Amino acid sequence: MIVRHWMTTDVVTTAKEASIQDALKLMKRHSIRHLPVVQSDGTLVGWVTDADLRSVLIASMLEDLSVEDVMVRRPITVSPDDSLETAAQLALENRIGGLPVVDGSKLVGVITVVDMLSAFISMLGLMQSSSRLDVKLVGPKQSLDSVTRLLQDQGAEIISVCHVRPTKADEAVYSFRLKKCSMEPILGSLKEEGIEVVSAEV
């Protein structure tokens, strides 16, 4: 999955000359928490959050402050063709709620943590009517491929597979998201193969 498919392209922006009060009103009107700062040609020159603006709101009433005075001048950005994993890692490492998306120096979109979460939820199939099956694989004879074949033989349709952090070095735990199906035959087949089921949610 790439940023282009999940970013917001109808972006609300401001100019660096805008007042703190006007920028806050703009955010409130559009229910947003991040505001790209652009030049008239669409070049990104800064990034400001509602927290940045609120921190200087009182001061702005006493002196002439503009968005330029508080904006981040070199914001962390991503390109439309970057992976969502890259965007998520940047947001997590820098503890930020969103990233401007630029093509060269021009703003083309914004991707927020909510957008990324929506993408990953969609990828995992969590909003579909589905079942979850967690299995533990131990030893060379038990593999992801063998469990996948077993599930397919039982007529299960796999939506997604995730590797879960193991509790021991020699364990491999996988979480399968399956389209809604009867779990009893699947659980029986796994037991016959000696594959441990950690949890099953219908």
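Now for a description of the structure that goes with this document.

Analysis parameters
- Residues numbered from 1 in each chain as written.
- Predicted model: local features only at pLDDT ≥ 70, side-chain atom pairs only at ≥ 80, totals over all residues.
- Heavy atoms only, no water.
- Buried < 20%, exposed > 50% of the residue type's maximum accessible area, 1.4 Å probe, protein only.
- Helix = DSSP H or I, 4+ residues; strand = E, 2+ residues; numbered from the N terminus.
- Contact = heavy atoms within 4.5 Å.
- Core = buried A, V, L, I, M, F, W, Y, C linked by side-chain atoms within 4.5 Å.
- Axes fitted to C-alpha atoms, helices over the stretch in contact; angles between N-to-C directions.
- Parallel < 35°, antiparallel > 145°, perpendicular 65-115°, else oblique.
- Left-handed = near helix turned anticlockwise from the far one by under 90°.
- Pairing = 2+ DSSP bridges.
- Polar contact = N/O pair within 3.5 Å; in protein donor to acceptor, adjacent residues only side chain to side chain.
- Nonpolar A, V, L, I, M, F, W, Y, C, P; charged D, E, K, R; others polar.

1. Focus on helix α7 (residues 144-153)
The set of residues buried in α7 consists of S146, V147, T148, L150 and L151. Residues of α7 that are buried sit in contact with β5 (130-137), β6 (158-164), β7 (172-179) and α8 (184-192). Phi for G155, located one or two positions after α7, is positive at around 85°.

2. Topic: the nonpolar core
Formed by 17 residues in total, the largest nonpolar core has its most connected members in I20, L35, V48, L53 and V67. Those elements that place two or more of their residues in this core are α1 (20-30), β1 (34-38), β2 (44-49) and α4 (67-70). Ranked by residue count, the leading element in this core is α1, at 5 residues. Residues contacting V67, with those up to four places away along its chain left out, are T14, A15, K16, A18, S19, I20, A23, V37 and V48. Within the second largest apolar cluster, 15 residues are counted, among which are L137, L151, A172 and I186.

3. Structural notes on the packing of helix α5 (residues 84-94) against helix α6 (residues 113-124)
Orientation of α5 relative to α6, taken along the N-to-C sense of each, is 135°, at an axis distance of 10 Å. Comparing the axis directions of α5 and α6 gives the class oblique. In this structure, α5 meets α6 at a crossing whose hand is left-handed. Residues L84, E85, A87, A88 and A91 of α5 form the contact with α6, whose own contacting residues are V113, M116, A119 and F120.

4. Quick look at the sheet that holds β6
Spatially, the 4 strands line up as an open sheet ordered β6-β7-β5-β8, and their pairing is antiparallel. The open sheet terminates on both sides in strands that have one partner only, identified here as β6 and β8 (196-201). Along the sheet, successive strands turn relative to each other by an average axial angle of 20°, direction set aside. Sheet contacts for α8: β5, β7 and β8; angle to β5, the most-contacted strand, approximately 5°.

5. Concerning the environment of L137
Relative to the assigned elements, L137 resides in strand β5. With a relative accessible area of 5%, L137 lands in the buried category.

6. Let's talk about the pairing of strand β3 (residues 98-103)
For β3, the tally of buried residues reaches 5 of 6 residues, placing the bulk of the element in the interior. Across 6 bridges, β3 lies against strand β4 (residues 106-112) in antiparallel orientation. Note that in β4 the partner of V101 across the bridge is G109. Hairpin connection, β3 to β4: the antiparallel pair is bridged by 2 residues, and G104 has positive phi, about 75°.

7. Side note on the side chain of S175
Position of S175 among the secondary structure elements: in strand β7. Classification of S175 as buried rests on a relative accessible area of 11%. Reaching out from S175, the side chain makes a polar contact with the side chain of D134 at a distance of 2.7 Å. Discounting chain neighbours no more than four positions away, the residues touching S175 are R132, L133, D134, S160, V161, C162 and V164.

8. Regarding the packing of α7 against α8
For the pair α7 and α8, interaxial distance at closest approach is 10 Å and the crossing angle is 140°. For the element pair α7 / α8, the angle class is oblique. Every pair of crossing elements has a handedness; the one defined by α7 and α8 is right-handed. Residue-level inspection shows V147, L150 and L151 of α7 in contact with α8, the latter providing I186, S189 and L190. Across the contact of α7 with α8, the residue classes break down as 5 nonpolar, 1 polar and no charged.

9. Comments concerning unusual backbone geometry
The backbone of S31 shows a phi angle near 55°, a positive value even though the residue is not glycine. Assignment of secondary structure puts S31 in the loop between α1 and β1. Judged by relative accessible area, which is 69%, S31 ranks as exposed. Its identity is not glycine, yet R95 carries a phi of approximately 55°, on the positive side. Along the chain, the position of R95 falls in the loop between α5 and β3. R95 gets classed as exposed once you look at its relative accessible area, which sits at 80%.

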